[in-house]
Amino acid sequence: MTITLYDMKDSPHARKVRLVAAELGIALQKISCDPRVGETRTAEFLGRNPNGRVPTLEDDGFVVWESPAIMKYLAAKHPERGLAGTDAKSQAQVDQWLFWWTGGAEAAMDALNWEIFIKPKVLQQPGKDPGIMADAHARLDRFLPVLDRQLEGRDYILGPLTVVDFAAATRLDRAPAILGFNITPHENIAAWLERMRAKPYWAEA
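To start, this report covers the structure provided alongside it. Here the structure is a predicted model, which means the values were calculated and not measured.

**Focus on the pattern of salt bridges**
Line of reasoning, step 1. Inspection of the entire model under this criterion finds 18 salt bridges.
Line of reasoning, step 2. As a salt-bridge pair, Glu 44 and Arg 48 come within 3.2 Å of each other at their nearest N and O atoms. Here Arg 48 and Glu 44 lie together in helix 2 (residues 43-48), a separation of four residues that amounts to about one turn.
Line of reasoning, step 3. By relative accessible area, which is 57% here, Glu 44 ends up exposed.
Line of reasoning, step 4. Counted as one network, the salt bridges with shared partners bring together Arg 15, Asp 173, Arg 174, Glu 194 and Arg 197.

Okay, here's the thing in C-alpha cells:
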C-alpha cells in the first residue's frame, strides 16, 4: 500500500513526519503542497484536511493530520521499535511530553515565526509586534531549561528514542538561527541535538 504525505519541504512540521518515516524505514510518496500559494486551499485538499495545512497523510483511504498524530500513527506500524512507547506508562509519557512541547516551546517558536515571516511576507501585514516577540522569548526562557534538565543523564528525552525527540529536535535544529534565540547555554540540549543530527538520514529528510 502506498502511504502519501502531502508535504512542504520547508515545513518543520512536515519534516518531523519525514524523519520518523526514515527512522522506521517507511516509504512515503511525497506530494508537495505549498500553502503560501494556495495549494492547500483547494476543495480537494480541504476534503482531506479542513484546516488547509501540511503535513497531511493518507494511507489506503485513511487520512490523518497534525504532525504528532501522524508520527504516532507511523510509529504504531512498528510497535517493536517503541517510538510511541512500549506500555501504558511509557505511552503516557510520550503524550505528556508531546503535549508539553507543542503547547510550550513550540508554540513560542510558532509565534516568532508568525511575527517575523508569516505576517509581513505572506499576509502583507505589519510584523514583529514587540509585545508578542517579548512574550515568545520569555516562554522559550521558561521552557527550554525544563527540556535541558530532562535530558540530564539521558541520550534522548525519555531515555530511549521516541517521537518526542523528532518533534522537538526538528524545530531546534534550525529555529534558533532563523528566529533569533540562543540554545548554546543549554549543554544537554546541544549534545542531544548532535546525536539526532548524526543519524544518517537527518540531513536529507
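The structure having been displayed, the exposition proceeds.
**Some details on the sheet that holds strand 2 (residues 29-32)**
Each strand in a sheet pairs with its neighbour through backbone hydrogen bonds, running either in the same direction (parallel) or in the opposite one (antiparallel).
Line of reasoning, step 1. Taken together, four strands build an open sheet; the order of strands is 2-1-3-4 and the sheet is mixed. Strands at the two margins of the open sheet, each flanked by one partner only, are strand 2 and strand 4 (62-65). Averaged over all pairs of adjacent strands, the angle between strand axes in this sheet comes to 20°, irrespective of strand direction.
Line of reasoning, step 2. The strands touched by helix 1 (residues 12-24) are strand 1 (3-7), strand 2 and strand 3 (56-59); relative to strand 1, the strand with the most contacts, the crossing angle is about 155°.
Line of reasoning, step 3. Where helix 3 (residues 67-76) meets the sheet, it contacts strand 3 and strand 4, and its direction lies at approximately 130° from that of strand 4.

**What to know about the layout of surface pockets**
Gaps left between atoms are located by rolling a probe of water-molecule size over the structure's atoms.
Line of reasoning, step 1. Its volume calculated, the largest pocket comes out at about 1400 Å³.
Line of reasoning, step 2. Listing elements by their share of the lining of the largest pocket, those giving two or more residues are helix 1, helix 3, helix 5 (105-122) and helix 7 (163-179).
Line of reasoning, step 3. Class assignment of the residues belonging to the lining of the largest pocket gives a composition of 17 nonpolar, 10 polar and 14 charged.

**Here's the deal with the pairing of strand 1**
Line of reasoning, step 1. Where burial is concerned, most of strand 1 is hidden: five out of the five residues are buried.
Line of reasoning, step 2. Burial of strand 1 is two-sided: the residues Ile 3, Leu 5 and Asp 7 facing one way and the residues Thr 4 and Tyr 6 facing the other way are all buried.
Line of reasoning, step 3. In this structure, strand 1 lies alongside strand 3, joined through four bridges in antiparallel fashion. Bridging across to strand 3, Thr 4 finds its partner in Glu 58.
Line of reasoning, step 4. Sheet topology places strand 1 next to strand 2; four bridges connect them, and they run parallel. Counterpart to Asp 7 in the pairing with strand 2 is Ser 32.
Line of reasoning, step 5. In this view, the connection linking strand 1 to its parallel neighbour strand 2 by way of helix 1 has right-handed handedness.

**Some points on the environment of Thr 4**
Line of reasoning, step 1. Its place among the elements puts Thr 4 in strand 1.
Line of reasoning, step 2. Taking the C-alpha atoms as reference points, Thr 4 and Ile 31, separated by 27 residues in sequence, lie 7.2 Å from one another.
Line of reasoning, step 3. Once residues lying within four places of it in the same chain are set aside, the contact partners of Thr 4 are Gln 29, Ile 31, Thr 56, Leu 57 and Glu 58.
Line of reasoning, step 4. For Thr 4, the side chain forms a polar contact with the side chain of Gln 29, separated by 3.0 Å.

**Digging into a nonpolar patch on the surface**
Line of reasoning, step 1. Taken together, the side chains of Trp 114, Val 122 and Leu 123 define a hydrophobic patch exposed on the protein surface, amounting to about 260 Å² of accessible area.
Line of reasoning, step 2. Tracing the backbone through its elements, the reader meets Trp 114 in helix 5.

**Points about helix 5**
Line of reasoning, step 1. At Trp 114, helix 5 shows its strongest bend, of approximately 45°.
Line of reasoning, step 2. Along helix 5, the positions that sit buried rather than exposed are Ala 105, Glu 106, Ala 108, Met 109, Ala 111, Leu 112, Glu 115, Ile 116 and Lys 119.
Line of reasoning, step 3. Among the structural elements, helix 1, helix 4 (88-103), helix 6 (130-150) and helix 7 are those in contact with the buried residues of helix 5.
Line of reasoning, step 4. One or two positions beyond helix 5, positive phi appears at Gln 124, with a value near 55°.

Conventions used here
Residues numbered from 1 in each chain as written. Predicted model: local features only at pLDDT ≥ 70, side-chain atom pairs only at ≥ 80, totals over all residues. Heavy atoms only, no water. Salt bridge = Lys/Arg side-chain N within 4 Å of Asp/Glu carboxyl O. Helix = DSSP H or I, 4+ residues; strand = E, 2+ residues; numbered from the N terminus. Buried < 20%, exposed > 50% of the residue type's maximum accessible area, 1.4 Å probe, protein only. Pairing = 2+ DSSP bridges. Axes fitted to C-alpha atoms, helices over the stretch in contact; angles between N-to-C directions. Contact = heavy atoms within 4.5 Å. 1 Å grid on protein atoms, 1.4 Å probe; cavity = no way out; pocket = protein on both sides within 12 Å on 5 of 7 lines; lining within 4 Å. Points joined across faces, edges and corners; volume = space filled by probe spheres on them. Nonpolar A, V, L, I, M, F, W, Y, C, P; charged D, E, K, R; others polar. Right-handed = clockwise from strand over helix to strand, strands pointing away. Polar contact = N/O pair within 3.5 Å; in protein donor to acceptor, adjacent residues only side chain to side chain. Patch = residues over 30% accessible without salt bridge, like charges linked within 9 Å, V, L, I, M, F, W, Y side chains within 5 Å. Areas by Shrake-Rupley, 256 points an atom, 1.4 Å probe, with all protein chains shown as cover. Bend = angle between axes of the 7 residues up to and from the residue.

Without other data, these values stay purely geometric and don't point to any function.
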